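Survey of secondary and tertiary structure
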Amino acid sequence: MNLPAVTLVIPIFNEAPVLPELLARLATVFDANAAIRWDALLVDDGSSDRSTTLVRERAALDPRFALLELSRNFGFQAAIAAGLAHARGDAVVTMDADLQDPPELIPALVAKWREGAAVVRATRRSRQETGARRIGMDVFHRFYQSVSDFPVESNSGTFGLLDRAAVDAINRLPERHRFFPGLRSWVGFTTAEILYDREERRAGQPQQSLRRLVRYAFDGVFSFSYLPLRLLTYAGVFISLAGFLLGLFFVAKRLFGVEVAQTGFTTLVTLVLFLGGVQLIGIGVLGEYLARVYDEVKQRPVYILKRRKGVE
Ligand code: UDP
Ligand code: MG
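Read on for a plain summary of the structure. None of the values given here were measured: they were computed from a predicted structure. (Residues numbered from 1 in each chain as written. Chains lettered and ligands numbered in written order. Predicted model: local features only at pLDDT ≥ 70, side-chain atom pairs only at ≥ 80, totals over all residues. Heavy atoms only, no water.)

Some remarks on the coordination of the magnesium ion (ligand 2)
Surrounding the magnesium ion (ligand 2) are the protein donor atoms Asp98 (OD) and Gln100 (OE1), at 1.9 to 2.0 Å. The burial state of aspartate 98 is the same as that of glutamine 100; both residues are buried. (Donors = N, O, S within 2.8 Å, 3.2 Å for Na, K, Ca; no water. Buried < 20%, exposed > 50% of the residue type's maximum accessible area, 1.4 Å probe, protein only.)

So, the site of ligand 1
Near ligand 1, the surroundings consist of 19 residues, among which Glu15, Asp45, Asp98, Gln100 and Gln207 are the closest. At 2.8 Å from an oxygen atom of ligand 1 is found a main-chain nitrogen or oxygen belonging to proline 11. Interatomic distance of 2.9 Å between a side-chain N/O atom of asparagine 73 and an oxygen atom of ligand 1. Burial of ligand 1 by the surrounding chains reaches 97%, relative to a free accessible area of 530 Å². A per-class count over the shell around ligand 1 returns six nonpolar, five polar and eight charged. (Near = heavy atom within 4 Å. Polar contact = N/O pair within 3.5 Å; in protein donor to acceptor, adjacent residues only side chain to side chain. Areas by Shrake-Rupley, 256 points an atom, 1.4 Å probe, with all protein chains shown as cover. Nonpolar A, V, L, I, M, F, W, Y, C, P; charged D, E, K, R; others polar.)

Examining the layout of surface pockets
A volume near 610 Å³ is recorded for the second largest pocket. Around the second largest pocket, the lining comprises 23 residues; the ones closest to its centre are Phe74, Arg176, His177, Arg215 and Val302. Counting residues per element, the ones that place at least two in the lining of the second largest pocket are α3 (76-86), α8 (210-224) and α10 (265-298). The element that contributes the greatest number of residues to the lining of the second largest pocket is α10, accounting for five residues. Class assignment of the residues belonging to the lining of the second largest pocket gives a composition of eight nonpolar, four polar and eleven charged. (1 Å grid on protein atoms, 1.4 Å probe; cavity = no way out; pocket = protein on both sides within 12 Å on 5 of 7 lines; lining within 4 Å. Points joined across faces, edges and corners; volume = space filled by probe spheres on them. Helix = DSSP H or I, 4+ residues; strand = E, 2+ residues; numbered from the N terminus.)

Topic: unusual backbone geometry
Within the chain, leucine 99 stands out as a residue other than glycine whose phi angle is a positive 70°. Mapped onto the secondary structure, leucine 99 falls in the loop between β4 (91-94) and α4 (106-114). Using a relative accessible area of 0% as the deciding quantity, one classes leucine 99 as buried.

Focus on the pairing of strand β2 (residues 37-44)
Most of β2 sits inside the fold, with six of its eight residues counted as buried. Strand direction decides the pairing type here: strand β1 (residues 5-12) and β2, joined by eight bridges, are parallel. Considered in β2, the bridge of alanine 5 is made with arginine 37. Chirality of the crossover, the property in question, places the unit of β1, helix α1 (residues 19-32) and β2 among those that are right-handed. (Pairing = 2+ DSSP bridges. Right-handed = clockwise from strand over helix to strand, strands pointing away.)

Thoughts on the packing of helix α9 (residues 227-255) against α10
Following both chains from N to C, one finds α9 and α10 inclined at 155°, their axes separated by 10 Å at the closest point. Judged by the inter-axis angle, α9 sits roughly antiparallel to α10. The crossing of α9 and α10 is left-handed. Between α9 and α10, the residues in contact are Pro228, Leu229, Leu232 and Ile239 and Phe274, Leu275, Val278, Gly282, Val285, Leu286 and Tyr289, respectively. (Axes fitted to C-alpha atoms, helices over the stretch in contact; angles between N-to-C directions. Parallel < 35°, antiparallel > 145°, perpendicular 65-115°, else oblique. Left-handed = near helix turned anticlockwise from the far one by under 90°. Contact = heavy atoms within 4.5 Å.)

Below, the structure written as structure tokens:
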């Protein structure tokens with residue numbers, strides 16, 4: 001059988017409430033598209049509920065499902081990295097487990113790939129998140145688009161397909177702070193996109209805390225942009241210039257015999273606080289880059305495997 005093989009990589013972290021529906025819907029999609037050799041690689045990111053049991057039971061009945069277990073919760077980005085490193089398909093589809101990315105869309109991604117695209121992004125026409133999460137995501141995407149040193153697209157997240165060549169390229173990137181959408185744009189290749197409506201999580205709670213999302217947002221910015229550093233340089237140049245001109249002004253005033261006033265306490269306090277703030281921000285930004293350099297130097301692996309079922 002020389003059918004093209006497609007592997008789905010799906011990170012799971014305490015997704016027992018959605019797993020039965022996810023596995024059933026995936027199997028339906030697989031059965032309906034027999035021209036592809038499908039397999040689903042579920043990457044357990046240290047779940048403490050019945051998630052792994054559910055997948056293992058399924059894998060025992062249906063060899064198209066496989067399970068990779070990480071030794072603890074390493075986070076979504078690490079789970080994706082583990083999945084990409086172990087996926088064997090000619091193409092790999094990455095998606096969330098919570099059915100916000102509808103499995104029924106996968107054949108459309110594959111069709112784009114068959115037409116020649118090496119990277120297919122599923123782009124959200126709409127999304128269901130509300131409140132702080134939603135505002136945060138919108139603000140981040142707009143901000144990220146303007147600061148990143150190379151073009152990125154807003155409104156696409158994990159959901160998409162990668163050709164074997166793109167998967168290998170991403171696997172070769174050694175960095176530890178991984179921001180998947182950024183890496184996917186960074187490797188290039190012929191890219192296509194399809195539009196979809198992001199659905200509501202089918203069951204359970206969002207498993208990524210707002211804090212984690214903020215951390216990934218930081219990774220996105222600091223891994224793909226030098227703009228924070230450049231802004232500091234600009235601020236430094238601007239403030240020094242302003243200081244210099246102010247100095248000249250005082251000297252001139254003195255030369256022309258105008259008394260330099262002894263007042264200006266409020267101005268002084270304001271300036272001291274402002275400059276102190278700018279300097280602290282500067283140290284913080286340097287620290288962000290330095291911490292990332294430190295993490296790279298330590299060379300710790302991005303994830304550690306505990307067990308595998310049906311995975312080489
Ligand atoms: N996830 C994971 N590790 C984590 C948190 C989440 O592998 O530490 C998985 C989760 O099971 C889901 C996907 O990442 O398949 C997206 O998570 P979630 O739906 O909670 O995030 P959001 O939709 O808010 O981005
Ligand atoms: Mg979700």
